[in-house]
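A look at the structure
Each chain, written out:
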Amino acid sequence: MRYTRVSIGGRAVWGRVEEDAVRLLSDSPLEGDPTVIGTIPLAEASWLPPVVPPVFYAVGMNYPRHIDHARLLGDKAGVVPVRPEPGYRANNALTGHGTAIVKPAGVRGRFEAEPELVAVIGRTLRHATYEEARDAVFGWTIGNDVSARTWQHEDRSFWRSKNSDTFKPMGPWIETDVDALAQTTTLRVNGEVRATFPTGDMVFDPFDHMAEMSRHLTLHPGDVLWMGAESTCQIEAGDTVDVEISGIGVLSNPVRAESTRP
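Figured I'd write up the structure that's included with this text. These figures come from a predicted structure and were not determined experimentally. (Residues numbered from 1 in each chain as written. Predicted model: local features only at pLDDT ≥ 70, side-chain atom pairs only at ≥ 80, totals over all residues. Heavy atoms only, no water.)

1. Structural notes on the overall build of the chain
- Across its full length, the chain carries four helices and 20 strands.
- Taken over the C-alpha atoms alone, the chain extends approximately 55 × 50 × 30 Å along its principal axes.
- The buried share of the chain, reckoned over its 262 residues, is 52%.
- Of all intrachain contacts in the chain linking residues separated by at least 6 positions in sequence, the fraction that spans at least 24 positions is 70%.
- As displayed, the chain has an accessible area near 12100 Å², and 49% of this comes from carbon and sulfur atoms. (Helix = DSSP H or I, 4+ residues; strand = E, 2+ residues; numbered from the N terminus. Buried < 20%, exposed > 50% of the residue type's maximum accessible area, 1.4 Å probe, protein only. Contact = heavy atoms within 4.5 Å. Areas by Shrake-Rupley, 256 points an atom, 1.4 Å probe, with all protein chains shown as cover.)

Encoded structure:
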């Protein structure tokens with residue numbers, strides 16, 4: 001199944017994607033078995049992030065080649081992690097498929113896209129085993145971890161470099177029937193392939209992280225866990241960025257410059 005959220009008359013509505021249509025649902029599939037209350041053509045869908053998470057977790061430096069690249073650049077974070085250690089992101093940064101990534105007027109230097117697999121949690125977890133964590137995943141979606149690198153190095157935290165409005169496109173839907181770690185991730189800018197890598201080639205997989213996290217905190221239905229990327233690439237205003245994960249779909253977003261204030 002593919003579940004999503006769309007805007008209908010300015011209101012967020014859950015939907016189930018079926019071929020060329022979105023079946024509108026009475027409620028969230030994370031909370032039960034909703035009924036179909038309407039239908040819209042797929043081409044007319046106004047996509048929202050497929051879930052607004054109670055808590056937004058994110059993993060960094062989780063692919064060996066990304067770690068090697070960071071080490072060559074002298075980045076102190078360029079070391080192989082010895083245990084799963086997720087961080088946090090902010091919901092205000094989320095935006096949906098087809099909406100614009102806005103490059104703030106104050107951004108200098110590298111402005112980059114990172115293609116990421118996203119796990120959507122489907123049940124409450126505390127002190128979970130690896131197998132229990134695996135069974136707790138509701139489905140998988142796609143994320144683009146946009147980063148302003150100068151801000152990332154200037155600031156003491158990632159508060160603006162990772163969390164500015166529109167810096168976290170996610171979607172277009174949640175795929176519940178896929179072996180996500182057996183897929184291929186591809187990043188394209190204006191149709192040109194900039195990166196491709198095996199999605200599952202991680203230091204620690206999603207279930208490692210979820211089991212470790214659940215030792216210290218409770219995971220809830222709707223929480224999301226972004227799994228990091230092997231490669232990044234520069235993006236600019238005027239570009240269109242596509243993140244494809246085979247078996248899940250394509251997340252596509254244009255990039256535009258922030259409008260200057262009068």
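2. As for the nonpolar core
- Grouped together as the largest cluster of nonpolar side chains are 44 residues, with contacts concentrated most on Phe111, Leu117, Trp140, Met210, Leu225 and Ile235.
- Where this core is concerned, the elements lending two or more residues are strand E10 (111-113), strand E11 (115-121), strand E12 (137-144), strand E15 (184-189), strand E16 (192-198), helix H4 (206-213), strand E19 (240-245) and strand E20 (249-257).
- Sequence-distant contacts of Leu117, defined by excluding residues within four places in its chain, comprise Trp140, Thr141, Ala180, Leu181, Thr199, Met202, Leu225, Trp226, Met227, Gly228, Ile245 and Ile248.
- Core analysis: the next-biggest nonpolar cluster, separate from the first, contains 15 residues, Tyr3, Val120, Phe138 and Val224 among them. (Core = buried A, V, L, I, M, F, W, Y, C linked by side-chain atoms within 4.5 Å.)

3. Quick word on the pattern of salt bridges
- With the rule as written, the count across this model stands at 18 salt bridges.
- For the salt bridge of Arg108 with Glu154, the shortest nitrogen-to-oxygen distance reads 2.5 Å. Taken as a pair, Arg108 in the loop between strand E9 (101-103) and E10 and Glu154 in helix H3 (residues 149-154) lie far apart in primary sequence, 46 residues in all.
- The salt bridge partner of Arg160 is Glu154, with a shortest N-O separation of 3.3 Å.
- What makes Arg160 partly exposed here is its relative accessible area of 21%.
- Through salt bridges with shared partners, a single ionic network connects Arg110, Glu112, Glu114, Asp145, Arg149, Lys162 and Lys168. (Salt bridge = Lys/Arg side-chain N within 4 Å of Asp/Glu carboxyl O.)

4. Description of the sheet that holds E19
- Ordered by their spatial adjacency, five strands build an open sheet running E9-E20-E19-E15-E16, and the pairing between neighbours is mixed. Every other strand in the sheet has two partners, leaving E9 and E16 as the edge strands with one partner each. Averaged over all adjacent pairs, the angle separating strand axes in this sheet is 20 degrees, with direction ignored.
- As paired elements, E19 and E20 share six bridges and run antiparallel to each other. Within E20, the residue paired with Val243 across the bridge is Leu251. (Pairing = 2+ DSSP bridges. Axes fitted to C-alpha atoms, helices over the stretch in contact; angles between N-to-C directions.)

5. Digging into the pairing of strand E1 (residues 2-8)
- In this sheet, strand E14 (residues 168-175) lies alongside E1 in antiparallel orientation, the contact comprising two bridges. Bridge pairing in E14 places Arg2 opposite Glu175.
- One ladder, built from six bridges, connects E1 with strand E2 (residues 11-18); its direction is antiparallel. Bridge pairing links Tyr3 to Arg16 in E2.
- From the end of E1 to the start of E2, which pair antiparallel, there are two residues, and Gly9 there has a positive phi angle of about 60 degrees.

6. Side note on unusual backbone geometry
- Look at the link from Gly171 to Pro172: it is a cis peptide, with omega at -5 degrees.
- Note that Pro172 resides in strand E14.
- One non-glycine residue, Glu19, lies in positive phi territory at about 55 degrees.
- Mapped onto the elements of the fold, Glu19 is located in the loop between E2 and strand E3 (21-25).
- Even without being glycine, His127 reaches a positive phi, approximately 55 degrees.
- Within the secondary structure, His127 is located in the loop between E11 and helix H2 (130-135).

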